[in-house]
Amino acid sequence: MDGAIYDILIIGGGINGCGVARDAAGRGYSVYLAEMNDLASGTSSWSTKLIHGGLRYLEHYEFRLVREALMEREVLWRMAPHIIWPMRFVLPHHKGLRPAWLLRLGLFLYDHIGGRKLLPPTRTLDMRTDPAGKPLKPLFSRAFEYSDCWVNDARLVVMNARDAADRGATIRTRSRVTSARRENGIWTVVVEDMRGRTSDTVKARLLVNAAGPWVDKVLGSTLGKNDIHNVRLVQGSHIVVKRKFDDPRAYFFQNRDGRIIFAIPYEQDFTLIGTTDQDYVGEPGEVAITDSEVAYLCEAASEYFAEPVRREDIVWTYSGVRPLFDDGASKAQEATRDYVLTAEGEGGQAPLLNIFGGKITTYRRLAEAMIEKIEGFLGRKGKPWTAGTTLSGGDFPPNGFDTEVERLKAAYGFLDPAHAQRLVRLYGTKAAVLLGGARSTADLGRHFGADLYEAEVRYLIEREWALSADDVLWRRTKRGLRLTEAEAAALEDFMHGATGHPETAAAE
Ligand SMILES: Cc1cc2nc3c(=O)[nH]c(=O)nc-3n(C[C@H](O)[C@H](O)[C@H](O)COP(=O)(O)OP(=O)(O)OC[C@H]3O[C@@H](n4cnc5c(N)ncnc54)[C@H](O)[C@@H]3O)c2cc1C
């Protein structure tokens, strides 16, 4: 495409930018996506990782959003059954907080407005006899158990980028859009290579601003607009502690302040607890958990668990910034979670489309809505197509995960069962591509620690735009929880040697 004019240039490689890139490329538009850091390095890898309707949003009458999100659960599960799977949530009835009839009503709606087919419905639990009651204080005698899905958020982003690239899109990471101006109905966009510090000029008919929490910054400093205030930045943090319970179900805890937190089985040996909701001022890339958030999460979880959650139990924390559309709500937790798309480009001006807000759960529908707007400017190319398709490695039945693991173990007898399970969870049917003709562990190449070997790292470099140890350890895998600092440093050295200049490393 050297010197050519792309149909669409997308700023931002989070879930929304990559989702739009995939849908647009699949319909035949030429697409260029620029991500200033790594794919999913913004908000999209710091979520609670739920594909959910959002039970709590019913209280804020967000019926459109909840219905759309509920319907997406099974669509996305079918699309990527390796990285998305059903999870049951246990919601204990807490005397003095929301009454049981209200919880039952919410869950009735939850079960019935979202086209649920495969996911099991809500049921009531006697916590005195159900194993879910075991790790909790004996105060909770009744609970409701309902369905949602879990997603490996960072991988969902990369899988969308992969599919977009396979359909012809150009995906550039470590590439920051520094300015964009209109010239004769076309955008001239300057893209700075963050590793080489060189700049490229790219031309496109239409610009999509999918910069998440930076969306207003792009409108202001990159596009030169004044008085921009569309999104409310709301920080959310999580703590990861050693496994608090053996049950495969997650917990949904109500707090006295009206908010809720989740405690979720995480990466086999851990429990993920979050999240918080507080207004954020500052550079989104520098967000970090605060002391008061740690205290809040420990206290809120300890209200329920018989064994309290203490600061010293924390093995990792992460924080992200929600780019919520600013609807003027008084409290951060009440601001809408729905998305708003805007378009400008009347009178032959090169069009600019912006994304404000949105959830991981609704990214596919957001992309469809965005393409409708794009069609208004560039003309129609194809029908909505992403529902009913699969993402890379997800070409097996939604309930077929165990069969895939067995298949991989049979083909690669030397693999430890937990390793085989992990590879299928991350790569699905592509695990066999990653392992290639290996006949023994020695064939997997250099060992970096835990169950991470060179074959996997090289696959991530060649197929998934990994350029640094963090890209591998904290986004494409969560091996960061298992490797020592020295092992991570050795991986960083290896990455540097193996990737060289980013232009030769990024797969397209
Ligand atoms: C704590 C928390 C919990 C959440 N939990 C859930 C959940 O359980 N389920 C759910 O569905 N949703 C959840 N969400 C919401 C969801 O994570 C976000 O709505 C979603 O990830 C936003 O994606 P995005 O693509 O718009 O933004 P991002 O992922 O932030 O992507 C924007 C990208 O743009 C890039 N960028 C910015 N400026 C430039 C530039 N000038 N040039 C090039 N690139 C640029 C950034 O580097 C960034 O990668 C949660 C959010 C938070 C914070």
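Residues numbered from 1 in each chain as written. Predicted model: local features only at pLDDT ≥ 70, side-chain atom pairs only at ≥ 80, totals over all residues.

**Quick word on the overall build of the protein**
Here is step 1 of the chain: Within the protein, the secondary structure is distributed over 14 helices and 20 strands.
Here is step 2 of the chain: Computed over its C-alpha atoms, the radius of gyration of the protein comes to 23 Å, within 12% of the 23 Å expected for a compact globule of 508 residues.
Here is step 3 of the chain: For the protein, the spread of C-alpha atoms along the three principal axes comes to 70 × 60 × 45 Å.
Here is step 4 of the chain: Here the protein holds 508 residues, and the buried ones make up 48% of them.
Here is step 5 of the chain: Restricting the contact set of the protein to residue pairs at least 6 apart, pairs at least 24 apart contribute 69%. (Helix = DSSP H or I, 4+ residues; strand = E, 2+ residues; numbered from the N terminus. Rg over C-alpha atoms; globule rule 2.2 N^0.38 Å. Buried ≥ 20, exposed ≤ 12 C-beta atoms within 10 Å, placed from the backbone. Contact = placed C-beta atoms within 7 Å.)

**Quick word on the UniProt feature "domain: FAD dependent oxidoreductase" (unreviewed entry) in the protein**
Here is step 1 of the chain: Per the UniProt record, "domain: FAD dependent oxidoreductase" (unreviewed entry) is annotated on residues 7-363.
Here is step 2 of the chain: Taken end to end, residues 7-363 is 22% helix and 33% strand, and its two terminal C-alpha atoms sit 21 Å from one another. (UniProt positions renumbered as here; feature names shortened; annotations may be inferred.)

**Structural notes on the site of the ligand**
Here is step 1 of the chain: Close to the ligand lie 41 residues, the nearest being Gly12, Gly14, Gly42, Gly212 and Gly236.
Here is step 2 of the chain: Listed by contribution, the elements that provide at least two residues to the shell around the ligand are α1 (15-26), β8 (175-183), α5 (215-222) and β16 (314-325).
Here is step 3 of the chain: Broken down by element, the residue count for the shell around the ligand peaks at 4 residues, all from β16.
Here is step 4 of the chain: Residues that form the shell around the ligand fall into these classes: 16 nonpolar, 20 polar and 5 charged. (Near = placed C-beta within 6 Å. Nonpolar A, V, L, I, M, F, W, Y, C, P; charged D, E, K, R; others polar.)

**Details of the UniProt feature "domain: Alpha-glycerophosphate oxidase C-terminal" (unreviewed entry) in the protein**
Here is step 1 of the chain: The feature "domain: Alpha-glycerophosphate oxidase C-terminal" (unreviewed entry), as given by UniProt, occupies residues 386-492 in the numbering adopted here.
Here is step 2 of the chain: In residues 386-492, the share of helix is 50% and the share of strand is 5%. The end C-alpha atoms are 36 Å apart.

**Comments concerning the pairing of strand β18 (residues 352-356)**
Here is step 1 of the chain: Here β18 lies mainly inside the structure; 5 of its 5 residues are buried.
Here is step 2 of the chain: Here β18 shows a buried face lined by Leu352, Asn354 and Phe356 and a second buried face lined by Leu353 and Ile355.
Here is step 3 of the chain: The pairing of strand β10 (residues 199-209) with β18 spans 3 bridges and is parallel. Within the sheet, the bridge partner assigned to Asn209 lies in β18 and is Asn354.
Here is step 4 of the chain: Pairing between strand β17 (residues 340-344) and β18: 5 bridges, direction antiparallel. Across the sheet, the residue bridging to Val340 is Phe356, located in β18. (Pairing = 2+ DSSP bridges.)

**Examining unusual backbone geometry**
Here is step 1 of the chain: The amide bond that connects Gly274 to the next residue, Thr275, takes the cis arrangement and shows omega of 20 degrees.
Here is step 2 of the chain: Positive phi, close to 65 degrees, is recorded for Trp465, a residue that is not glycine.
Here is step 3 of the chain: Relative to the assigned elements, Trp465 resides in the loop between α11 (454-464) and α12 (469-476).

**So, the confidence of the model for the protein**
Here is step 1 of the chain: Averaged over every residue, the pLDDT of the protein is 95; residues scoring 70 or more account for 98%.
Here is step 2 of the chain: For the stretch residues 502-508, pLDDT sits under 50, and the model shows 19 contacts to residues farther than four places along the chain or on other chains. (pLDDT = per-residue confidence, 0-100.)

**Topic: the domain arrangement of the protein**
Here is step 1 of the chain: Domain boundaries assigned for the protein yield domain 1 (5-43 + 154-230 + 337-378), domain 2 (85-150 + 232-322) and domain 3 (401-505).
Here is step 2 of the chain: For domain 2 and domain 3, the distance between their C-alpha centres works out to 31 Å. (Domains from an automatic or database assignment.)

**Comments concerning the pairing of strand β4 (residues 84-92)**
Here is step 1 of the chain: In terms of strand pairing, β4 meets strand β6 (residues 142-151) through 9 bridges, oriented antiparallel. Bridging across to β6, Phe89 finds its partner in Tyr146.
Here is step 2 of the chain: The sheet contact formed by β4 and strand β12 (residues 250-254) spans 2 bridges and is parallel. Considered in β12, the bridge of Val90 is made with Tyr251.

**Some points on the packing of α1 against helix α7 (residues 363-378)**
Here is step 1 of the chain: Axis separation between α1 and α7 bottoms out at 8 Å; the angle between their running directions is 60 degrees. On the basis of their axis angle, the class for α1 and α7 is oblique. The handedness of the crossing between α1 and α7 is right-handed. Residues Ile15, Asn16, Gly19, Val20, Asp23 and Ala24 of α1 form the contact with α7, whose own contacting residues are Tyr363, Arg364, Leu366, Ala367, Glu368, Met370, Ile371 and Ile374.
Here is step 2 of the chain: Residue composition of the contact of α1 with α7, by class: 9 nonpolar, 2 polar and 3 charged. (Axes fitted to C-alpha atoms, helices over the stretch in contact; angles between N-to-C directions. Parallel < 35°, antiparallel > 145°, perpendicular 65-115°, else oblique. Left-handed = near helix turned anticlockwise from the far one by under 90°.)

**As for the environment of Arg322**
Here is step 1 of the chain: Mapping Arg322 onto the fold places it in strand β16.
Here is step 2 of the chain: On a C-alpha basis, the gap between Arg322 and Arg64 in space is 20 Å, while along the polypeptide they are 258 residues apart.
Here is step 3 of the chain: Excluding its chain neighbours within four sequence positions, the residues that come into contact with Arg322 are Thr43, Val234 and Gly236.

**So, the nonpolar core**
Here is step 1 of the chain: Counting residues in hydrophobic clusters, the biggest one holds 134 residues, and the most contacted among them are Ile8, Leu9, Ile10, Ala21, Val31, Ala204 and Val208.
Here is step 2 of the chain: The element that contributes the greatest number of residues to this core is helix α4 (residues 153-166), accounting for 8 residues.
Here is step 3 of the chain: What Ala204 contacts, discounting residues up to four positions off in sequence, is Ile5, Tyr6, Asp7, Ile8, Leu9, Tyr32, Trp187 and Val189.
Here is step 4 of the chain: The next biggest cluster of nonpolar side chains, apart from the first, holds 11 residues, and it includes Tyr412, Leu415, Ala420 and Tyr427. (Core = buried A, V, L, I, M, F, W, Y, C linked by C-beta atoms within 7 Å.)

**Section: α12**
Here is step 1 of the chain: Of all 8 residues in α12, 7 are buried; the element is thus mostly enclosed.
Here is step 2 of the chain: Within α12, burial applies to Ala469, Asp471, Val472, Leu473, Trp474, Arg475 and Arg476.
Here is step 3 of the chain: Taken together, the buried residues of α12 touch α4, α11 and α13 (485-499).

**Description of α1**
Here is step 1 of the chain: Here α1 contains 12 residues, and its C-alpha end-to-end distance of 16 Å stays within 8% of the 16 Å for a straight helix at 1.5 Å per residue.
Here is step 2 of the chain: Of all 12 residues in α1, 12 are buried; the element is thus mostly enclosed.
Here is step 3 of the chain: Those residues of α1 that are buried lie in contact with β1 (5-11), β2 (31-34), α4, β10, β18 and α7.
Here is step 4 of the chain: Following α1 by one or two positions, Gly28 has its phi on the positive side, about 105 degrees. (Expected span 1.5 Å × (residues − 1).)

**A look at the environment of Ala387**
Here is step 1 of the chain: Considering the arrangement of structural elements, one finds Ala387 in the loop between α7 and α8 (401-411).
Here is step 2 of the chain: By C-beta crowding, Ala387 is classed as partly exposed, having 14 other C-beta atoms within 10 Å.
Here is step 3 of the chain: The spatial distance from the C-alpha of Ala387 to the C-alpha of Ala263 is 30 Å, given a sequence separation of 124 residues.

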